[in-house]
Amino acid sequence: MGVEHAGLIVWDVDGTLIPADLRWLRRAVARTYAIEEADVVFPAARVHGYTDESIVVDTALASGIAAEAAERGVQRFHQELDEVMAEGEAELARDQPAYPGVAETIAGLDKHGFLQAVLTGNLRSAAAVKLRVNGLDRHLDLDIGGFGSDARARFDLPVVVAERFLAKYGEPLDPARTVVIGDAPNDIACARHAGFHVIVVTHRTSREELEQHSPDAIVDAMVPDDVVALANSLTGLGR
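Keep in mind that what you see is a predicted model, and the values were worked out from it rather than measured.

Peer 1: What exactly am I supposed to notice about the nonpolar core here?
Peer 2: Here is a general trend for soluble globular proteins: nonpolar side chains tend to be buried in one another's company. Formed by 29 residues in total, the largest nonpolar core has its most connected members in Ile9, Trp11, Leu17, Leu109, Val118, Leu140 and Ile181. Listed by contribution, the elements that provide at least two residues to this core are strand 1 (7–11), helix 6 (102–111), strand 2 (114–118), helix 7 (124–133), strand 3 (178–182), strand 4 (197–201), strand 5 (217–219) and helix 11 (224–235). Broken down by element, this core gets its largest block of residues, 4 residues, from helix 11. The contact partners of tryptophan 11, leaving out residues within four places of it in the chain, are Thr16, Leu17, Thr105, Ile106, Leu109, Gln116, Ala117, Val118, Leu119, Leu140, Ile181 and Met222. Within the second largest apolar cluster, 25 residues are counted, among which are Val40, Val47, Val56 and Leu123.

Spelled out as structure tokens, the structure:
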């Protein structure tokens, strides 16, 4: 059954809604491959904007794990990360609070009729914990989201979102009414690959670097009225 809506907002999580923090991956990788946390080496590239599974394999290789063993550990990593996130909820709440204005922006978009989901490299279980602990899950429909547990390549996740949207609402997802909100060049590339609009925030990447990748808009902070106005304009409601 279709639903009246202003469009779909698809949020990135780490670096967009909450600060990025690799401690959870570091702990889970160390447990997965039975190495010390101090010996976990993240690759210089292919971390921000990539999926957890791809990061884990690349990190295992960079940390001296043989290729076959690195790949074999991926499923165990899912279990270890679930435990790490469960154990760390209080720590996450203390050290990884939502960026200023995020909760208000999500509420503002909901008030203006936007459906909202996530497209993130996080495994779904990890994303759910991060959002719940920060009180950000109320208006986000995780059932139509795309997660790192759905596909290893981030560029495959928009199709996951589209399929879940169709299954839930009985109508095809319209790329022209879909806006990704992220913070990294790979968020822009992924959105463009899917034909989605894209807004990026300069939480951890400079405006100058983001401009090189030609997003539709760049914001320096989550100001609810500004983001709502941009979303309305991009989806056609502000024209």
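Having seen it, we continue.
Peer 1: Sorry, what's going on with the pattern of salt bridges here?
Peer 2: Side-chain pairing between opposite charges can occur once the charged atoms of the two side chains come close. Under the criterion given, the structure shown has 20 salt bridges. For aspartate 21, the salt bridge goes to arginine 23, with nearest N and O atoms at 2.8 Å.

Peer 1: Hey, could you run me through the side chain of glutamate 80 in this one?
Peer 2: As for its position among the elements, glutamate 80 is in helix 4 (residues 74–87). Not counting the four nearest positions on each side in its chain, glutamate 80 is found in contact with Ala28, Arg31 and Thr32.

Peer 1: Would you mind showing me how to read unusual backbone geometry here?
Peer 2: One non-glycine residue, alanine 34, adopts positive backbone phi at about 55 degrees. When its relative accessible area of 73% is taken as the criterion, alanine 34 is described as exposed. Backbone geometry places serine 214, a non-glycine residue, at a positive phi of 55 degrees. Mapped onto the fold, serine 214 is located in the loop between helix 10 (207–211) and strand 5.

Peer 1: I tried to follow the packing of aromatic side chains on my own but got confused; where do I start?
Peer 2: One pair of aromatic rings is described through two measures. These are the centre distance and the angle between the planes. Scanning the entire structure with this criterion turns up 1 aromatic pair. A centroid spacing of 5.0 Å and a plane angle of 50 degrees characterise the contact between phenylalanine 165 and tyrosine 169, whose relative ring orientation is tilted. In this pair, phenylalanine 165 and tyrosine 169 are both assigned in helix 8 (residues 157–169), 4 residues apart and thus about one turn of the helix distant.

Peer 1: Hey, could you run me through the environment of arginine 132 in this one?
Peer 2: In this fold, arginine 132 is placed in helix 7. Residue arginine 132 is classed as partly exposed on the basis of its relative accessible area, which comes to 42%. Separated by 43 residues in the primary sequence, arginine 132 and glutamate 89 have C-alpha atoms spaced 9.7 Å apart. Filtering out sequence-adjacent residues up to four positions away, arginine 132 remains in contact with Glu89 and Asp137.

Peer 1: Just to check I follow, could you spell out the sheet that holds strand 1 for this structure?
Peer 2: Each strand in a sheet pairs with its neighbour through backbone hydrogen bonds, running either in the same direction (parallel) or in the opposite one (antiparallel). Read from one edge to the other, the open sheet built from 5 strands follows the order 2-1-3-4-5, with strand pairing classed as parallel. Taken across any chain shown, the strands that pair with only one partner, and hence form the sheet edges, are strand 2 and strand 5. This sheet shows a mean twist of 25 degrees between the axes of neighbouring strands, independent of strand direction. As defined by bridge partners, strand 4 adjoins strand 5 across 3 bridges and the pair is classed as parallel. Along strand 5, the bridge assignment pairs valine 201 with valine 219. Sheet contacts for helix 11: strand 1, strand 2, strand 3, strand 4 and strand 5; angle to strand 4, the most-contacted strand, approximately 160 degrees.

Peer 1: Help me understand the pairing of strand 3, please; the structure alone is not making it clear to me.
Peer 2: On a regular strand, each side chain points to the face opposite its neighbour's, so the side chains alternate between the two faces of the sheet. With 5 of 5 residues buried, strand 3 lies mostly within the body of the structure. Burial of strand 3 is two-sided: the residues Thr178, Val180 and Gly182 facing one way and the residues Val179 and Ile181 facing the other way are all buried. Bridging between strand 3 and strand 4 involves 4 bridges; their strand directions are parallel. In the strand pairing of strand 4, isoleucine 181 is matched with isoleucine 199. In this fold, strand 3 hands off to helix 9 (residues 185–194), which returns the chain to strand 4; that crossover is right-handed.

Reading the values: rules and limits
- Residues numbered from 1 in each chain as written.
- Predicted model: local features only at pLDDT ≥ 70, side-chain atom pairs only at ≥ 80, totals over all residues.
- Heavy atoms only, no water.
- Core = buried A, V, L, I, M, F, W, Y, C linked by side-chain atoms within 4.5 Å.
- Buried < 20%, exposed > 50% of the residue type's maximum accessible area, 1.4 Å probe, protein only.
- Helix = DSSP H or I, 4+ residues; strand = E, 2+ residues; numbered from the N terminus.
- Contact = heavy atoms within 4.5 Å.
- Salt bridge = Lys/Arg side-chain N within 4 Å of Asp/Glu carboxyl O.
- Phe/Tyr/Trp six-rings, centres within 6.5 Å; stacked < 30°, edge-to-face > 60°.
- Pairing = 2+ DSSP bridges.
- Axes fitted to C-alpha atoms, helices over the stretch in contact; angles between N-to-C directions.
- Right-handed = clockwise from strand over helix to strand, strands pointing away.

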